[in-house]
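Analysis of the macromolecular model
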Amino acid sequence: MGSILLLGFLIGMQHALEVDHVAAVATLASQSTSARRTFGLGAAWGLGHSVPLLLLGAGVLLMDLALPAGLGRWLDVAVGGMLVVLGADVLLRLARGGIHWHVHRHGGGVTHLHAHAHTGGTAHDSRHHDHPHAHRHALRLTLRALLVGMMHGLAGSGALILLTLASLHSVALGLSYIALFALGSLAGMALLTAVIALPLRYASRRLGLVHAGLQAAIGLGTVAVGAHLVQALLWP
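Everything numeric here is computed off the predicted structure, so don't read it as measured data.

1. Notes on the overall build of the protein chain
When its secondary structure is counted, the protein chain shows eight helices and two strands. Its helices and strands in sequence order give the protein chain the pattern α-α-α-α-β-β-α-α-α-α, from N to C terminus. Put simply, the protein chain has 236 residues, and 39% of those count as buried. Counting contacts in the protein chain only where the partners sit at least 6 residues apart, residues at least 24 apart contribute 78% of the total.

Put into structure tokens, the structure is as follows:
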């Protein structure tokens, strides 16, 4: 039994690293202002991803429910559309923002330029970063991560766990498997977002143009992944 539960945890971690999951969370990480908040977004995604799996799994184990045929395919189409929207949102925020250049002078007469990117058309004012709106933005971003995780949990790729449950004859074992799968997904995504946060945070502080380039790559990549997913499912 222990090997089955360990397998569930490891599969959950691997499941969190699927390209559509990574693309979605990368778009959320591009809006975060700190590594700690980015880590929290990964945890929120993992929590949202776990809820539908736990509910569906409990329904399969306790009430012998079955998912309607073909539902997983349409949920995956919806995930593809969601990725296109998330990626486009990153590009739109980048297009509305601007690159501000600062002249820094050091001892010995050394002068250099520093680029700093702002998004959303905000004025260049250091007080803006501490404005109460920033806290509401962080809350909305966390809620978005939770909802995106729930969408992924409902999609066909997440529902694959339900196939495993059919081979388990113990309700307790099945529920434990789901719980460890969910925990593995949460841990995998939280760690991944922490890794994503490092280059984004460094670039935002020191390399404004590089940070803008990273955001553009995330936005374009996410749109491409979403469009490919929709195209592959609707027009194979």
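2. Looking at the packing of helix α2 (residues 19-29) against helix α4 (residues 71-96)
At a closest axis distance of 9 Å, the pairing of α2 and α4 adopts a crossing angle of 30°. In terms of orientation, α2 and α4 fall into the roughly parallel class. As α2 packs across α4, the resulting crossing turns out to be left-handed. Residues Asp20, Ala24 and Thr27 of α2 form the contact with α4, whose participating residues are Val79, Leu83, Leu86, Gly87, Val90 and Arg93.

3. Structural notes on the environment of alanine 179
For alanine 179, the position within the fold is in helix α7 (residues 171-206). Spatially, the C-alpha atoms of alanine 179 and leucine 5 are 9.1 Å apart, while their sequence positions differ by 174 residues.

4. Focus on the nonpolar core
Grouped together as the largest cluster of nonpolar side chains are 18 residues, with contacts concentrated most on Trp45, Val148, Met189 and Ile196. When contributions to this core are tallied by element, the ones reaching two or more residues are α2, α4 and α7. Considering each element in turn, this core owes the most residues, five residues, to α4. Those residues in contact with tryptophan 45, other than ones at most four positions away along the chain, are Ala16, His21, Val25, Ala145, Val148, Gly149, His152, Ser185 and Met189. Grouped together as the second largest cluster of nonpolar side chains are five residues, Leu28, Leu41, Ala44 and Ala145 included.

5. Overview of the confidence of the model for the protein chain
Detailed reading of the predicted model is not advised wherever pLDDT is low. Predicted confidence across the protein chain gives a mean pLDDT of 77, with 73% of residues reaching 70 or more. Low pLDDT, under 50, characterises residues 112-117; the predicted model gives this stretch 31 contacts beyond four residues in sequence or across chains. In this model, residues 119-130 is a region of pLDDT below 50 whose contacts with residues beyond four sequence positions or in other chains number 16 contacts.

6. Some remarks on the pattern of salt bridges
For the structure shown, the criterion picks out two salt bridges. A salt bridge links arginine 93 to aspartate 89; its shortest N-O distance comes to 3.4 Å. Here arginine 93 pairs with aspartate 89, and both are found in helix α4, just four residues apart, close to one helical turn. Accessibility expressed as a relative area gives 22% for aspartate 89, which makes it partly exposed. A salt bridge links arginine 144 to aspartate 89, with the shortest nitrogen-to-oxygen separation between them at 3.3 Å. Of this pair, arginine 144 sits in helix α5 (residues 132-154) while aspartate 89 is found in helix α4, placing the two residues 55 residues apart along the sequence. Each member of the salt-bridge network shares a partner with another, and the members are Asp89, Arg93 and Arg144.

What counts as what
Residues numbered from 1 in each chain as written. Predicted model: local features only at pLDDT ≥ 70, side-chain atom pairs only at ≥ 80, totals over all residues. Heavy atoms only, no water. Helix = DSSP H or I, 4+ residues; strand = E, 2+ residues; numbered from the N terminus. Buried < 20%, exposed > 50% of the residue type's maximum accessible area, 1.4 Å probe, protein only. Contact = heavy atoms within 4.5 Å. Axes fitted to C-alpha atoms, helices over the stretch in contact; angles between N-to-C directions. Parallel < 35°, antiparallel > 145°, perpendicular 65-115°, else oblique. Left-handed = near helix turned anticlockwise from the far one by under 90°. Core = buried A, V, L, I, M, F, W, Y, C linked by side-chain atoms within 4.5 Å. pLDDT = per-residue confidence, 0-100. Salt bridge = Lys/Arg side-chain N within 4 Å of Asp/Glu carboxyl O.

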